[in-house]
Amino acid sequence: MRLLKEISTFKIGGPALSIAEAKTVAEMSSLLKEVYPRRMLVIGKGSNCLFSDQGFNGLVILNKIDFISSIKPIITVGAGFSFALLGSRTARAGFTGLEFAAGIPASVGGGIFMNAGANGQEAADTLISVDFLNEKGELFTFLKKDLDFSYRYSSFQGMKGAIVSATFGLTKDPLAREKQLKIIDYRQRTQPYGEPSIGCVFRNPIGDCCHSAAALIDQAGLKEVAIGGAKVSEKHANFIINPKGLATASDVEALIKIIKEKVFAHAGILLEEEIRKIAFES
Ligand SMILES: Cc1cc2nc3c(=O)[nH]c(=O)nc-3n(C[C@H](O)[C@H](O)[C@H](O)COP(=O)(O)OP(=O)(O)OC[C@H]3O[C@@H](n4cnc5c(N)ncnc54)[C@H](O)[C@@H]3O)c2cc1C
């Protein structure tokens with residue numbers, strides 16, 4: 001039985017009942033038809049998922065649909081394609097819109113599902129349309145205007161199925177790569193790259209631009225606080241890291257609880273999780 005820790009950037013998670021890969025839209029559709037109405041989960045790069053120590057009582061489908069059209073202002077890409085690579089290829093080709101993606105270890109599908117963002121850009125900004133298979137394996141094309149996006153939210157979070165491809169519209173900008181290199185440099189200096197994590201654990205408090213979650217955690221004196229194998233990063237307090245690969249989901253949950261309590265006691269702000277917690281069953 002394969003462990004979910006093998007497919008998570010956090011290196012945490014127990015066994016899945018079964019794991020399958022979909023390399024094409026047809027394969028994804030067949031898998032969804034086969035498993036319906038039983039429990040399933042579509043995963044990209046596992047860079048935002050806290051999997052349970054118990055594992056997952058269903059089928060985990062790894063999205064490996066990774067085709068890409070030629071790099072032009074309008075570009076269509078499989079949802080399993082690397083979001084980081086999409087960002088760097090488009091910026092190198094002199095297009096602006098996805099520079100921020102170069103530092104995010106996501107799939108394109110996961111980037112859209114979470115409306116991933118950084119440096120004033122987010123996935124939805126340049127999105128034109130998304131091809132989506134519902135849980136019965138039926139294909140739909142959604143235009144961006146048919147969907148809702150906001151801070152780390154997309155309509156897909158309320159739908160069951162798989163994002164299989166997306167089309168983005170980009171604009172020419174000879175300075176795109178230069179801008180991107182600055183973004184990458186800043187991230188490498190300020191984030192714990194190379195340490196197992198799932199990125200920022202908490203949302204930045206809405207409407208409170210003066211208090212980032214990282215600053216609130218830092219001010220509450222929580223940098224480097226650890227429980228079991230899970231530790232608040234010294235480099236960026238909104239990252240929980242698993243430096244030795246020994247942390248459990250329970251360690252992370254316990255650390256999250258302490259952070260929320262201490263930040264509330266210190267600043268009167270209740271932090272909310274940004275990460276996806278994947279329960280054994282629901
Ligand atoms: C070092 C590091 C830096 C990060 N920096 C950022 C950042 O700057 N900005 C930011 O927003 N995030 C950041 N993240 C978090 C993470 O990369 C994003 O949330 C990303 O969008 C997740 O993509 P994924 O493919 O890994 O999704 P996964 O973790 O695999 O899945 C996340 C959710 O999306 C769903 N999902 C994934 N693919 C599909 C699909 N094809 N169809 C339907 N549902 C799907 C899953 O079921 C799950 O609920 C960072 C993470 C790390 C580890």
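Above: the structure in question.
This section reports on the structure supplied with the text. (Residues numbered from 1 in each chain as written. Predicted model: local features only at pLDDT ≥ 70, side-chain atom pairs only at ≥ 80, totals over all residues. Heavy atoms only, no water.)

Another point: the site of the ligand. In the vicinity of the ligand, 33 residues are found, and the nearest of them are Val42, Gly44, Ser47, Ser107 and Gly117. The separation between an oxygen atom of the ligand and a polar side-chain atom of Arg152 is 3.2 Å. Taking 960 Å² as the accessible area of the ligand by itself, protein coverage stands at 95%. Among the elements of the structure, strand 2 (40-43), helix 3 (108-113), strand 7 (117-118) and strand 13 (161-169) are those that each provide at least two residues to the shell around the ligand. Looking at the shell around the ligand element by element, the count peaks at four residues for helix 3. Residues that form the shell around the ligand fall into these classes: 15 nonpolar, 14 polar and four charged. (Near = heavy atom within 4 Å. Polar contact = N/O pair within 3.5 Å; in protein donor to acceptor, adjacent residues only side chain to side chain. Areas by Shrake-Rupley, 256 points an atom, 1.4 Å probe, with all protein chains shown as cover. Helix = DSSP H or I, 4+ residues; strand = E, 2+ residues; numbered from the N terminus. Nonpolar A, V, L, I, M, F, W, Y, C, P; charged D, E, K, R; others polar.)

Reading across the sheet, the four strands line up as 5-13-9-10 and stay open at both edges, with antiparallel pairing between neighbours. Looking at strand neighbours, the two that pair on one side only are strand 5 (74-78) and strand 10 (139-143), the edges of this open sheet. For this sheet, the mean inter-axis angle between neighbouring strands, taken without regard to orientation, is 20°. Bridge count between strand 9 (residues 127-134) and strand 13: seven bridges; the pairing is antiparallel. Residue pairing for strand 13: Leu133 is matched across the bridge by Ala162. (Pairing = 2+ DSSP bridges. Axes fitted to C-alpha atoms, helices over the stretch in contact; angles between N-to-C directions.)

The topology assignment puts Asp125 in the loop between strand 8 (121-122) and strand 9. Residue Asp125 is classed as partly exposed on the basis of its relative accessible area, which comes to 43%. Considered as a pair, Asp125 and Gly169 are 44 residues apart in the sequence and their alpha carbons are 9.1 Å apart. Asp125 has contacts with Gly120 and Lys144, leaving out every residue within four places of it along the chain. A polar side-chain atom of Asp125 sits 2.9 Å from the main-chain amide nitrogen of Glu122. (Buried < 20%, exposed > 50% of the residue type's maximum accessible area, 1.4 Å probe, protein only. Contact = heavy atoms within 4.5 Å.)

Between Tyr36 and the following residue, Pro37, the backbone shows a cis peptide bond with an omega angle of 5°. For Pro37, the position within the fold is in the loop between helix 1 (25-35) and strand 2. A positive phi angle, near 45°, is found at Asn115, a position not held by glycine. Its location among the elements puts Asn115 in the loop between helix 3 and strand 7. Taking relative accessible area as the criterion, Asn115 reaches 0% and is therefore assigned buried. The phi torsion at Asn119 lies on the positive side, around 50°, for a residue other than glycine. The residue Asn119 is located in the loop between strand 7 and strand 8 in this model.

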